[in-house]
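Summary of structural features
Here is what each chain is made of, one letter per residue.
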Amino acid sequence: MLDTLNRPRREPVTSVSREQFTNAFQWMLLSRAVEEKLASLWRTGKIFGGVYLGKGQEAVSAALGVMLKPGDIFGPLIRDQAGRLAFGELPIDVFRVHFGSQTGFSRGRDGNVHRGRPAEGYHAMISHLGSLISVVAGALLARRFKGDTAAIGATTIGDGGTSTGAFHEAVNMAAVEKLPLVIVVVNNQYAFSTPNTRQFACQDLADRAAGYGVEGQSVDGTDLADCLETLGRATERARAGYGPQMVVANCLRLTGHAEHDDAFYVDKGLHQTPLGRDCLKVAQEYLLESQWANQKTLAAWRKAAKTQVEEAVADAQREPLADPGTETWCPYATAKIADALLVR
Amino acid sequence: MSITYLDAIREAQEKALRENPRVYIYGQDIATFGGAFKATRNLAKEFPGRVLDAPISEDAMVGSAIGAAIEGMRPIVEMQFADFSAVAFNQIVNQAATLYWRTQVACPITIRLPSGANPGSGPFHSQTLESIYSHFPGLVVMTPATVEDAYTMLLEAVEVDDPVIFCEHKFLYNRLKSDALPQSNLPFNTARIARAGRDISIVTYSSMVHEALSAADLLHKENIEAEVVDLRCIKPLDIKTVLESVARTARLLCVGESWPWGGVNSEVITSVVTRGFQLLDAPPQRINSKDTPIPFHPNLWGAHKPSSQAIAAAARRQCAW
């Protein structure tokens, strides 16, 4: 049996501990539960705007999230629910932002995946792909100025996002400054509807790393153990001062671009290849094979995740929504400017 | 001691670096070389590690400044020419300008835009982009016209908690001189009466303040007393000072070096007409650069931008109304 890199499926990775694996797996489970709920809320008209899910990408996202430590910097993208949770995001905050709750991070000013806590190192993406990489790089530059040499930064991008000028400028700049930045490229085969063949012409996106003078490697994005091992190494190398690390995870987006997209254009054959495996199922098999969990434990974890999500939704739904009456309509932080605007 | 407008910009940056450990400067050729215009001359030597050469990557320059600002730094980004900020447009208008609104985390970055034309600079080293940046909520746009303002407003820009587009005019760099480095006491978001008059308000900013003052000298000989209002800061706009001036003169002529369509002049005229129509004895007028790319040859360039003669001619027509 082959993996997504056309390698024979390897022997179970031995460097990954049971604790690390089960921890990451539970973030994957919680992420899947959160996203299934988001999809159902969207279908029933409870969420305005888009709902963007990371089904099929939980393994690489969770693996990255668990490798980050408090004080690190994380700039996730649209399919990083698992990594966001592992980095400390609470499920209720996911629903608050999707509902546009007044208690949400943005109080209805921005929605869905555009969320974070930038002051705590958890950056809030804008829709322009590639533009977050230099922001995370700049945050690391600031840490260097402040004498914090322990922290690393991580950010993710898709196959399509690597085609932007912003991606190129930021990776090059991070390499010039030798910043401790881990760039995870999740190649899920499609950028919205555009396949890899219309996106880039190189053999493997990881080959680009050498051109920037950064270390690069590919990983089977459907295999949690592989992701944990590779991202463990990449984050360690970044922490140890080896400069930016690029990791390309290969998998298949198991959902539409957003919930409004039925992904009719996806080559159905891909689902039968190693790329099309559901990383959650692969991880479950791994847990059972290695006897780190049995069916009963898995069922209990699933139930716990579901309960946590139901409680979060119930709480978030009771909160007041964005209100034009209490909105300040002031985009300025400077008191001198804001005061003048607010008086008017 | 003679201080030029350019010296004032360098001195302000030196003071900011000296007094605030959170300040650093990032831009192309600014370290050893001291900047294309020498606005950072010797600063890299004086402040090792805090004046950094950037790759030719305007998007990453601004993006990284945003990330650093989120972490509490006060970055100054030098664009080599205002024109090149177009490459960073996305980071400026979508990332920096929206950050506070979206996240309640301030984005205190200063982006210096060496703006405006010098003879022979051509279409891509001559632009004045204050009108376009002013369009975006969340940005502060400063357009200093004097040595004093270049100094104090740049220091204020670094202190401001929002992204500041600092439009410094290249034509003024070495042409404006002051005896010392006097500090203006006027807050950055307040317009200034550059010359008092009773017959017409000429509202302008940046380099055009000096063309307007020359025009006022010409008009004075004809017994027309023009009041020249220097806006200083385009966004936020101090429309109160403009309205007070128009209340005195009943005539409004707006002058700006940027292109006419939807610009600062249009905004000032709209604000005056909608709030103070009854103050006006004549229809407001505006003078901008011609609505074409900026020409290279000095013969064409001289005719492309507003001149003191053109301003005076427009003022005469206004006053004859």
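Reading the values: the criteria
- Residues numbered from 1 in each chain as written.
- Chains lettered and ligands numbered in written order.
- Predicted model: local features only at pLDDT ≥ 70, side-chain atom pairs only at ≥ 80, totals over all residues.
- Helix = DSSP H or I, 4+ residues; strand = E, 2+ residues; numbered from the N terminus.
- Buried ≥ 20, exposed ≤ 12 C-beta atoms within 10 Å, placed from the backbone.
- Contact = placed C-beta atoms within 7 Å.
- Nonpolar A, V, L, I, M, F, W, Y, C, P; charged D, E, K, R; others polar.
- Core = buried A, V, L, I, M, F, W, Y, C linked by C-beta atoms within 7 Å.
- Domains from an automatic or database assignment.

Another aspect to go through is the overall build of chain B. Scanning chain B from terminus to terminus reveals eleven helices and 14 strands. Across its three principal axes, chain B shows a C-alpha extent of roughly 60 × 40 × 35 Å. Here chain B holds 321 residues, and 58% of them are scored as buried. Nonlocal contacts in chain B, meaning residues at least 24 apart in sequence, comprise 79% of its contacts between residues at least 6 apart.

So, on to the interface of chain A and chain B. Contacts between chain A and chain B engage 34 residues on the former and 35 residues on the latter. Where the side of chain A that touches chain B is concerned, the elements lending two or more residues are helix H5 (131-145), helix H6 (165-176) and helix H11 (335-343) of chain A. In terms of residues, the side of chain A that touches chain B owes the most to one element, H5(A), which gives eleven residues. A breakdown of the residues in the side of chain A that touches chain B according to their chemical character gives 20 nonpolar, nine polar and five charged.

Residue and element names in this part refer to chain B. Its place among the elements puts Val-242 in helix H8 (residues 239-249). For Val-242, a count of 23 C-beta atoms within 10 Å corresponds to the buried category. Each C-alpha atom of the pair Val-242 and Asp-230 lies 9.3 Å from the other, and the pair is twelve residues apart in sequence. When neighbours within four sequence positions are excluded, Val-242 is seen to be in contact with Ala-191, Val-203, Val-229, Val-268 and Val-272.

In this structure, Ala63(A), Leu224(A), Ile202(B) and Ala315(B) are the most contacted members of the largest nonpolar core, which totals 208 residues. Looking at this core, the element that brings in the most residues is helix H1 (residues 18-43) of chain A, giving eleven residues. Formed jointly, this core draws a minimum of three residues from each of two domains, domain 1 (3-178) and domain 2 (192-319) of chain B. Once residues within four sequence positions are removed from consideration, Ala315(B) is found in contact with Ile200(B), Ile202(B), Ala215(B), Leu219(B), Ile224(B), Ala226(B) and Leu253(B).

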